Amino acid sequence: MKLDKIDIKILSELQKNGRISNVELAELVYLSPSPCLMRVKKLQAEGFITGYSAQIDVSKLGQTLTIFTEVTLKHHQQNDFARFLTAIQKVDSVIECHLVSGGYDYLVKFVTAGISEYQTIMERMIELDIGIDKYFSFVVLKSPIVKSHLPLDAIFDR
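Conventions and cut-offs
Residues numbered from 1 in each chain as written. Predicted model: local features only at pLDDT ≥ 70, side-chain atom pairs only at ≥ 80, totals over all residues. Heavy atoms only, no water. Buried < 20%, exposed > 50% of the residue type's maximum accessible area, 1.4 Å probe, protein only. Helix = DSSP H or I, 4+ residues; strand = E, 2+ residues; numbered from the N terminus. Pairing = 2+ DSSP bridges. Arc of directions from axis to C-beta. Contact = heavy atoms within 4.5 Å.

### Some points on the pairing of strand E1 (residues 65–73)
Here is step 1 of the chain: The buried fraction of E1 amounts to eight of the nine residues, a majority that puts the element mostly inside the structure.
Here is step 2 of the chain: As paired elements, E1 and strand E3 (residues 106–112) share seven bridges and run antiparallel to each other. Bridging from a neighbouring strand, Val71 pairs with Tyr106 of E3.
Here is step 3 of the chain: Where E1 meets strand E4 (residues 132–139), seven bridges bridge the pair, whose relative direction is antiparallel. Each bridged residue has a counterpart across the sheet, and for Phe68 the counterpart in E4 is Phe138.

### Section: helix H4 (residues 78–88)
Here is step 1 of the chain: Every buried residue belonging to H4 is among Asp80, Phe81, Phe84, Ala87 and Ile88, and all of these are buried. On an axial view of H4, the arc spanned by its buried residues comes to 135°, and they lie on one face. Exposed side of H4, more than 90 degrees from the buried face: Gln78 and Asn79 are the residues found there.
Here is step 2 of the chain: Among the structural elements, E1, strand E2 (94–99), E3, helix H5 (115–127) and E4 are those in contact with the buried residues of H4.

Pasting the structure below:
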């Protein structure tokens, strides 16, 4: 499915407010409600919209710690990557995991109750022998910019 400008506008508006009514969305994208709803359903069916969720203000939850961790694996066979991913997917504190180019293999984002919980998680992963050679941790002191939406207009304005 090739996206047109209306599809991109629908996605953009839904990123801003996933709870918007179809009537309001239709007005914002200059469609009548029925064709708008049909487009949303098609975007869902084609996998462009994968779900809806609430955005949580982490600072309201009490003390939390965000840590970015660079992980380098001992070996680089397909089964080594699969073993690592299978294990890391089971860790609730892992919010994001990215296979990256450069000097290490994965960049993993953790959100924990504190440094001791994070260290316990890392020690457990080392004990499980899931192929970690080394890891470096970066504790987030402040997050002045956090966006929950993609720059769709810039991505599709080519």
